[in-house]
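Residues per chain are reported as follows:
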Amino acid sequence: MSLAAQLALAVTAPLAAAWPVRVARRSAEREVPVSPAVAFAVLLFAGPWIAAGAQLAACAVHGARTRPRPAAFLIGTGGNLLAVAAAAAVLTALSVVPRTGGAPFLAADLPAIFAAAAALLAVRAVGARRDDVVFTVLAGAGTLGLAPIAVLVADFSAALLPGLLLPLVALHVAGRHALLSENRALHDVLTGLPNRALFQDRVDRALSSAQRERTKPVVMLLDLDKFKEVNDTLGHHRGDELLKLVGPRIAAVLRSSDTVARLGGDEFAVLLPTAPDAEAGAEVGQKILQALERPFRIDGADLEVGASLGIACFPEHGEDVDTLMQRADMAMYLAKGTRSGHELFDVAGGRPDPLAVVGDLRRGMSDGELGVLYQPKVDLATGEVRGAEALVRWEHPLRGLVLPGSFVGHAEHTGLIRPLTMHVLGTALAQVGEWRDAGLDMTVAVNLSMRSLLDRALIEDVEALLAKYDVPPQALVLELTESTIMADPQRALEILDALHALGVGLSIDDFGTGYSSLAYLKRLPVDEIKIDRSFVVGMKHDRSDATIVRSTIDLARNLGLRVVAEGVEDVHVRNELAGLGCDQGQGWYFSRPLEGAALLAWAGARDLAAAA
């Protein structure tokens, strides 16, 4: 083979890495790399060292194009080099290819070449995901078939090598057409969102990996409340424009791994494939509803539409796609009928009477059924307990444990939210007083709903409770979400300024999931930013989540704010957060939510262990 041919083949591998073949695979776009086939061709005529160099150059080009995390890049590069090494070992053991002196290939060389190709595919298959092994092998075999052809063409004449671009172009064109066809079949024509078929496929895949990953996929169905009026009064054109805006509004409060789909009409669906529990799903559902409460600007007019949302969680509410979607649909129609905003499917009762829920809630507060648990907030640098977040729980005498997502919405729509907020605040401040008497000096954080924040009586109520329990204002932190603040920014700012003047700490909860601007956020008199646990949990597996966490910590430093990470579930995440300079963390790695007395004992034991 001429030197020109050898150089042409050697530089093809990195060029091929910049132009992989894209195909449709399990309702998603996948890349089929061509560079391993080129590296294999280089192995056949130039030996393992030059082939390894060509593959390494291809990995470098691929890394520059996709910019993976350093660990992922090293693992991928190592796997590709190992595949080339395995093929070279088999080829050396079974043949004398490549021959010195430019001797031609013989028919007797074919078994060794096929065996070497099989070794390369086997190593690549080992590094593939379990459900991608067959695809990796078949796609790799298809591209490896070009390697012997490339060698023979180059050996005959280097001038013919550009002709090999024709089958590659054909592969790219065929892959592109397949992707377009797949996209049309699995996406809604009007909005471009996944349709029912694609949504059900993604739910099925999430359920398949749920037991292996120990996650709890959550399915939500939502229906716009005033869409018919928009169509009837403003016309179908504006109705269509509204539908196009709904998907991006929902997606803005979701993670990149979540899915929002349009099922038809004004019905949408959301999948959270890796939610920690049903309560987390209810929290996301509330954020979606708050996002949709903002007016939509269409043709110079502001349109206001609400939504009703139903939630079902695997495996409590169903273990297959159809059951989960059916029960989310049932919960959605309950939410629409009761105007509660969102409902979590109730396995025991199916559809509780909303008036009965309100009556039970009022009775439960007076009978002491509503308790408060406390999840510790730990200093990541010293390990000391700095505070705790108060979490309300309702132990219903018949229905058992009722999560906040099932009754807070009712409280907000029936005027019970103020007594409920005062109940939680009073309980939390009384507990802080007991901790302080026992020598445990720490803060307690209480979440505020939108109605509570915009209630001007809140300032007097907080001041009265602080005096009642003889707790300094600095021991109380009020947590508010970005969407809660942005519901009425001017009024919220006035109340927050008054609370800040009182000395109460203020925290922006679930930071990064809202839609407020940094220009407005920097005006708020807040002391703390809490990173939403969806980003913290995804740090190990999602490069985007890790970037968001890092950027949030840097932002907090620049603004002089304390930063707390929610959802710290293991030591790896804890150490990474500490290395990034995060101030505090909370999550099950430290402790699950505890009763007040139990937290006092837990904190004491932790301090003794640290002292020892």
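Below you will find a few notes about this structure.

### What about the nonpolar core?
Turning to step 1, where the next piece is worked out: Tyr374, Leu476, Leu478 and Leu577 are the most contacted members of the largest nonpolar core, which has 74 residues in total.
Turning to step 2, where the next piece is worked out: A per-element tally of this core places helix H16 (residues 417-437) first, with 9 residues.
Turning to step 3, where the next piece is worked out: Beyond its immediate sequence surroundings of up to four residues, leucine 476 is in contact with Leu425, Leu429, Val444, Val446, Val462, Leu466, Val504 and Gly505.
Turning to step 4, where the next piece is worked out: Grouped together as the second largest cluster of nonpolar side chains are 34 residues, Ile250, Leu254, Ala275 and Leu309 included.

### A short note on the packing of aromatic side chains
Turning to step 1, where the next piece is worked out: In total, this model carries 2 aromatic pairs according to the counting rule given.
Turning to step 2, where the next piece is worked out: When the centroid spacing of 5.1 Å and the interplanar angle of 75° are considered together, the rings of tyrosine 374 and tryptophan 435 count as edge-to-face. Placement of the pair is tyrosine 374 in strand S10 (residues 370-379) and tryptophan 435 in helix H16, with a sequence separation of 61 residues. Here the two residues tyrosine 374 and tryptophan 435 agree in accessibility, since each one is buried.
Turning to step 3, where the next piece is worked out: Seen in terms of ring centroids, tyrosine 589 and phenylalanine 590 are 5.1 Å apart; in terms of plane orientation they differ by 70°. Their pairing is edge-to-face.
Turning to step 4, where the next piece is worked out: Given a relative accessible area of 34%, tyrosine 589 falls into the partly exposed group.

### Describing the pattern of salt bridges
A side chain with one charge can pair with a side chain of the opposite charge if their charged atoms come near.
Turning to step 1, where the next piece is worked out: Throughout the structure, instances matching the rule amount to 22 salt bridges.
Turning to step 2, where the next piece is worked out: With its nearest N and O atoms 2.9 Å apart, the salt bridge here joins lysine 216 to glutamate 316. Of this pair, lysine 216 sits in the loop between helix H9 (196-213) and strand S3 (218-224) while glutamate 316 sits in the loop between strand S8 (307-313) and helix H13 (321-338), and the two are 100 residues apart along the sequence.
Turning to step 3, where the next piece is worked out: Since its relative accessible area comes to 26%, lysine 216 is described here as partly exposed.
Turning to step 4, where the next piece is worked out: Ionic pairing is found between glutamate 384 and arginine 386, a salt bridge with its closest N-O pair at 3.2 Å.
Turning to step 5, where the next piece is worked out: A residue is classified by how much of its surface remains accessible, and glutamate 384, at 35% relative accessible area, is partly exposed.
Turning to step 6, where the next piece is worked out: A relative accessible area of 35% means that arginine 386 is categorised as partly exposed.
Turning to step 7, where the next piece is worked out: Taken together, the shared-partner salt bridges connect Glu389, Glu479, Lys530 and Glu566 into one network.

### Remarks on the side chain of aspartate 266
Turning to step 1, where the next piece is worked out: In this fold, aspartate 266 is placed in the loop between strand S4 (259-264) and strand S5 (267-272).
Turning to step 2, where the next piece is worked out: Looking at aspartate 266, the relative accessible area reads 16%, which means it is buried.
Turning to step 3, where the next piece is worked out: Aside from chain neighbours lying at most four places away, what touches aspartate 266 is Leu222, Asp223, Leu224, Phe227 and Leu243.

### Quick look at the packing of H16 against helix H18 (residues 457-468)
Turning to step 1, where the next piece is worked out: Their axes nearest at 10 Å, the elements H16 and H18 cross at an angle of 30°. The orientation of H16 with respect to H18, classified from their angle, is roughly parallel. Here H16 and H18 pass one another in a crossing that is right-handed. Counted together, Arg418, Met422, Leu425, Gly426 and Leu429 of H16 and Ala457, Leu458, Asp461, Val462, Leu465 and Leu466 of H18 form the full contact between these two elements.
Turning to step 2, where the next piece is worked out: In the contact of H16 with H18, the residues fall into 8 nonpolar, 1 polar and 2 charged.

What counts, and where the lines are drawn
Residues numbered from 1 in each chain as written. Predicted model: local features only at pLDDT ≥ 70, side-chain atom pairs only at ≥ 80, totals over all residues. Heavy atoms only, no water. Core = buried A, V, L, I, M, F, W, Y, C linked by side-chain atoms within 4.5 Å. Buried < 20%, exposed > 50% of the residue type's maximum accessible area, 1.4 Å probe, protein only. Helix = DSSP H or I, 4+ residues; strand = E, 2+ residues; numbered from the N terminus. Contact = heavy atoms within 4.5 Å. Phe/Tyr/Trp six-rings, centres within 6.5 Å; stacked < 30°, edge-to-face > 60°. Salt bridge = Lys/Arg side-chain N within 4 Å of Asp/Glu carboxyl O. Axes fitted to C-alpha atoms, helices over the stretch in contact; angles between N-to-C directions. Parallel < 35°, antiparallel > 145°, perpendicular 65-115°, else oblique. Left-handed = near helix turned anticlockwise from the far one by under 90°. Nonpolar A, V, L, I, M, F, W, Y, C, P; charged D, E, K, R; others polar.

Geometric values such as these leave the question of function open.
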